[in-house]
Amino acid sequence: AQTVTQSQPEMSVQEAETVTLSCTYDTSESNYYLFWYKQPPSRQMILVIRQEAYKQQNATENRFSVNFQKAAKSFSLKISDSQLGDTAMYFCAFMGGGSNYKLTFGKGTLLTVNP
Amino acid sequence: DVKVTQSSRYLVKRTGEKVFLECVQDMDHENMFWYRQDPGLGLRLIYFSYDVKMKEKGDIPEGYSVSREKKERFSLILESASTNQTSMYLCASTLGGVLSNQPQHFGDGTRLSIL
């Protein structure tokens, strides 16, 4: 069974600074997908960024980028120029290539952006 | 945009009651999921469905059942509610087929309290 570990339950950052959230996972599969989801306070969970394991290039979405280290089974999220609206719970998630689209989530990191 | 609608944001029930949580999606998605979210535990999969009348157990199915009579609707049933089922419940949906890297789209969640 796959496991996803987020070792930082809480983090804080000053507005406009850069922060990195860590995620490691364990799997024996070679083909899989990784996701970061964001859940703002009392609001809907939304996708931030995704990475296909067969792609060597790290995914980027505007201020959000990942550092995908396949050999180390590491998938960290970097948020540049942090904004107050980035305050949220962030979940790392794993989906195996043949898993019927099931996601395995980490326990989450609560990120607070301070003014 | 995909819309996943959960029938209630907040729900209070009593122990022993039969509880129905409803979820509807408007994008003709094949796959639908029910999770529960608890502080410090992240999201855990209860059940999922990859087609009408098809269902599979997730990681924590005990005490729950599901129903999918129509493609757009996926119901979670607590057969006899207990206090340890007090939680936030999230419904999600995604496309099926070969597009296995498609993200899951989430509803707003139902915060269920069992007294």
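Residues numbered from 1 in each chain as written. Chains lettered and ligands numbered in written order. Predicted model: local features only at pLDDT ≥ 70, side-chain atom pairs only at ≥ 80, totals over all residues. Heavy atoms only, no water.

Here we look at the interface of chain A and chain B
Quoted interface sizes are often the accessible area lost when the parts come together. In plain terms, the rule: In what follows, residue pairs with any heavy atoms lying within 4.5 Å of each other are defined as contacts. Take the accessible area each of two parts loses on contact, using a 1.4 Å probe, and add the two losses: that sum is the buried area. For this analysis, a salt bridge means a side-chain nitrogen from Lys or Arg found within 4 Å of a carboxyl oxygen belonging to Asp or Glu. Under the rule applied, a polar contact is a pair of N or O atoms within 3.5 Å (in protein, one hydrogen donor and one hydrogen acceptor; residues adjacent in sequence only if both atoms are side-chain atoms). Under the scheme used here, helices are H or I runs from DSSP no shorter than 4 residues and strands are E runs no shorter than 2 residues, and both carry numbers assigned from the N terminus. In the scheme used here, Gly and all other residues not listed as nonpolar or charged are polar, with Ala, Val, Leu, Ile, Met, Phe, Trp, Tyr, Cys and Pro taken as nonpolar and Asp, Glu, Lys and Arg as charged.
Contacts between chain A and chain B engage 20 residues on the former and 26 residues on the latter. Of the roughly 2000 Å² buried where chain A meets chain B, counting both sides, 51% is carbon and sulfur surface. At the junction of chain A with chain B, the criterion picks out zero salt bridges. Between the two partners, chain A and chain B, sit five residue pairs in polar contact (both at pLDDT 80 or more). Listing elements by their share of the side of chain A that touches chain B, those giving two or more residues are strand S5 (32-39), strand S6 (46-52) and strand S10 (88-96) of chain A. With four residues, S5(A) is the largest single contributor of residues to the side of chain A that touches chain B. The class makeup of the residues in the side of chain A that touches chain B is 10 nonpolar, six polar and four charged.

Describing the sheet that holds strand S8 (residues 73-78) of chain B
By way of backbone hydrogen bonds, the strands of a sheet pair with one another, either parallel or antiparallel. Residues and elements named next belong to chain B. Here is the rule: Pairing between strands is defined by DSSP: at least two bridges between the two strands are required. All axes are obtained by fitting lines to C-alpha atoms, using only the stretch in contact for helices, and the reported angles, taken between N-to-C directions, cover 0 to 180 degrees.
Across the sheet, four strands lie side by side as S1-S3-S8-S7; this open sheet has antiparallel pairing. Single-partner strands in this sheet number two, and they are strand S1 (4-6) and strand S7 (64-70). The sheet shows a mean angle of 20° between the axes of neighbouring strands, taken without regard to direction. Where strand S3 (residues 19-25) and S8 come together, six bridges link them in antiparallel fashion. Paired with valine 19 across the bridge in S8 is leucine 78.

Some remarks on the packing of aromatic side chains
Note the cut-off: Working definition: rings of Phe, Tyr and Trp (its six-membered ring) pair if their centres are within 6.5 Å, and the pair is stacked with planes under 30 degrees apart, edge-to-face with planes over 60 apart, and tilted otherwise. Throughout this description, buried means an accessible area under 20% of the type-specific maximum (1.4 Å probe, protein chains only), exposed means over 50%, and partly exposed covers the range between.
For the structure on display, the rule yields 16 aromatic pairs over all chains. Between A:Phe105 and B:Phe106 the ring centres are 6.3 Å apart and the planes differ by 70°, which places this aromatic pair in the edge-to-face class. Within this pair, whereas A:Phe105 is found in strand S11 (residues 104-105), its partner B:Phe106 is found in strand S10 (residues 105-106), the two belonging to separate chains. Neither residue differs from the other here; A:Phe105 and B:Phe106 are each classed as buried. Among the aromatic residues, those joined into a ring-pair cluster are A:Phe35, A:Tyr37, A:Phe91, A:Phe105, B:Phe33, B:Tyr35, B:Phe48, B:Tyr50 and B:Phe106.

Considerations on the state of the cysteines
All names here are of chain A. Formally: Disulfides are defined in this document as cysteine sulfur pairs within 2.5 Å.
Summed over all chains, the structure comprises two disulfides over all chains. Cysteine 23 shares a disulfide with cysteine 92; S-S distance 2.0 Å. Between cysteine 23 and cysteine 92, the S-S dihedral sits near -70°, and the bridge is therefore left-handed. Placement of the pair is cysteine 23 in the loop between strand S3 (19-21) and strand S4 (24-26) and cysteine 92 in strand S10, with a sequence separation of 69 residues.

Quick notes on the side chain of B:Ser93
All names here are of chain B. Its place among the elements puts serine 93 in strand S9 (residues 87-94). Classification of serine 93 as buried rests on a relative accessible area of 0%. At a separation of 2.8 Å, a polar atom in the side chain of serine 93 contacts the side chain of histidine 29.

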